[in-house]
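Spelled out from the first residue to the last, the chains are:
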Amino acid sequence: MALEYCLYRDGVRALNPELDIREVRITGGGQQSALWNQIKADALQTRIVRVSRGEGAPLGAALLAGYGAG
């Protein structure tokens, strides 16, 4: 799963090579495990930040829609 995150990161960087990913924010059940978060951080070579709110996916979709709409 952590390596799949790397595929997503690489796909986004292919679209925008200048993109600087400084951190990855996570929510939901996967954020509960410190070991799992460390595995993701190591694979991505970036900082993992837990989001305190529970509605991460809908919030992320709303942020992207707002950005896309200007």
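Predicted model only: the values in this text are computed from it and were never measured.

### Comments concerning unusual backbone geometry
One non-glycine residue, Gln45, adopts positive backbone phi at about 55°. Along the chain, the position of Gln45 falls in the loop between helix 2 (34-44) and strand 2 (47-50).

### A short note on the confidence of the model for the chain
Regions with low pLDDT carry predicted coordinates that are not meant to be interpreted in detail. Considering every residue of the chain, the mean pLDDT works out to 89; 99% of them sit at 70 or more. Averaged pLDDT values over the elements of the chain bottom out at 87 in helix 3 (residues 56-69) and peak at 94 in helix 2.

### Regarding the pattern of salt bridges
Inspection of the entire model under this criterion finds three salt bridges. A salt bridge links Glu23 to Arg25; the nearest nitrogen and oxygen atoms lie 2.7 Å apart. A residue is classified by how much of its surface remains accessible, and Glu23, at 25% relative accessible area, is partly exposed. One salt bridge in this structure joins Glu23 and Arg47, with 2.5 Å as the shortest N-O distance. Placement of the pair is Glu23 in strand 1 (residues 23-26) and Arg47 in strand 2, with a sequence separation of 24 residues. Among the residues examined, Arg47 registers a relative accessible area of 52% and is labelled exposed. Within the structure, one salt-bridge network assembled from shared partners comprises Glu23, Arg25 and Arg47.

### A short note on the pairing of strand 1
Sheet topology places strand 1 next to strand 2; four bridges connect them, and they run parallel. Bridge pairing links Glu23 to Arg47 in strand 2. In this view, the connection linking strand 1 to its parallel neighbour strand 2 by way of helix 2 has right-handed handedness.

### Comments concerning the environment of Met1
When you line up the elements, Met1 lands in the segment before helix 1 (2-15). For Met1, a relative accessible area of 56% translates into the label exposed. When the C-alpha atoms of Met1 and Ile39 are compared, they prove to be 9.6 Å apart, with 38 residues separating the residues in sequence.

What counts, and where the lines are drawn
- Residues numbered from 1 in each chain as written.
- Predicted model: local features only at pLDDT ≥ 70, side-chain atom pairs only at ≥ 80, totals over all residues.
- Heavy atoms only, no water.
- Helix = DSSP H or I, 4+ residues; strand = E, 2+ residues; numbered from the N terminus.
- pLDDT = per-residue confidence, 0-100.
- Salt bridge = Lys/Arg side-chain N within 4 Å of Asp/Glu carboxyl O.
- Buried < 20%, exposed > 50% of the residue type's maximum accessible area, 1.4 Å probe, protein only.
- Pairing = 2+ DSSP bridges.
- Right-handed = clockwise from strand over helix to strand, strands pointing away.

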